[in-house]
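# A structural walkthrough
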Amino acid sequence: MADPALAPSAVQTFGRMPRALTKGEMRTIATKFAEAALRVKRAGFDMVELHGGTGYLLSSFVSPRTNKRDDEYGGSLENRQRFPLEVVRKVKEAVGDFPVGYRFLADEWLPTV
C-alpha cells in the first residue's frame with residue numbers, strides 16, 4: 001500500500017485516512033497513465049485497459065462516497081467523472097488509434113448516499 005495513501009478526498013476507506021490529491025498530482029498521474037499505455041503499445045500488446053472499477057483510483061473519483069471534493073472534480077456526476085475522462089484523453093493522445101478499454105463499476109453495491 002502507498003504511504004501515505006492518496007485519494008480524491010480525505011475520506012476514510014478500508015481503515016485508512018488518505019490524503020486528497022492535489023491538481024498537480026492528478027496531472028502527473030494522468031501523464032503516468034499515458035506513459036504506461038504507450039509502453040504497453042510498444043511492447044506489442046493488442047490493447048490497453050484502464051481499470052476504473054472496484055475501488056481503484058479512477059472509480060474513487062466517480063464515487064460520491066469517496067469523492068467529496070468541492071472543486072471542478074467533485075459534486076455532480078459530470079464533475080466526478082472529469083478526472084477519469086482526462087486520463088482517457090491523455091492515454092488516447094499517447095497511443096493514437098491503439099485500442100483502449102475502460103473497465104468501470106456500474107454499481108458499488110453499497111447503500112446510496
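Our structure is the block above this text.
Before going into details, it helps to say that this report is about the structure given with it. A quick note: this is a predicted structure, and the numbers were derived from the prediction, not measured.

## Digging into the overall build of the protein
A count of helical and extended segments in the protein gives 4 helices and 4 strands. The helix and strand sequence of the protein, counted from the amino end, reads β-β-α-β-α-α-α-β. In terms of overall dimensions, the protein has C-alpha extents of about 40 × 25 × 25 Å along its principal axes. Counting every position in the protein, which comprises 113 residues, the buried fraction comes to 32%. Total accessible area on the protein stands at roughly 7,200 Å², and carbon and sulfur atoms take up 57% of it. In the protein, the 17 positive side-chain charges and the 14 negative ones have mean positions that sit 2 Å from each other.

## Structural notes on the environment of Ala 10
Position of Ala 10 relative to the elements: it lies in the loop between strand 1 (6–7) and strand 2 (19–20). A relative accessible area of 48% places Ala 10 in the partly exposed class. Separated by 18 residues in sequence, Ala 10 and Thr 28 place their C-alpha atoms 19 Å apart. Each residue touching Ala 10, except ones within four places of it in the same chain, is listed here: Met 17, Pro 18 and Ala 20.

## Focus: the side chain of Asp 71
Counting through the fold element by element, Asp 71 comes out in the loop between helix 2 (57–62) and helix 3 (77–80). Those residues within four positions of Asp 71 in sequence are excluded, and the remaining contacts are Lys 23 and Asn 79.

## So, the environment of Val 91
Tracing the chain through its elements places Val 91 in helix 4 (residues 82–95). According to the relative accessible area criterion, Val 91 is buried, its value standing at 0%. Spatially, the C-alpha atoms of Val 91 and Ala 30 are 7.9 Å apart, while their sequence positions differ by 61 residues. The residues touching Val 91, leaving out its near neighbours within four places in the chain, are Phe 33, Ala 34, Ala 37, Val 48, Leu 50 and Val 100.

Procedures and definitions
Residues numbered from 1 in each chain as written. Predicted model: local features only at pLDDT ≥ 70, side-chain atom pairs only at ≥ 80, totals over all residues. Heavy atoms only, no water. Helix = DSSP H or I, 4+ residues; strand = E, 2+ residues; numbered from the N terminus. Buried < 20%, exposed > 50% of the residue type's maximum accessible area, 1.4 Å probe, protein only. Areas by Shrake-Rupley, 256 points an atom, 1.4 Å probe, with all protein chains shown as cover. Lys, Arg positive; Asp, Glu negative; His and termini not counted. Charge placed at Lys NZ, Arg CZ, Asp CG, Glu CD. Contact = heavy atoms within 4.5 Å.

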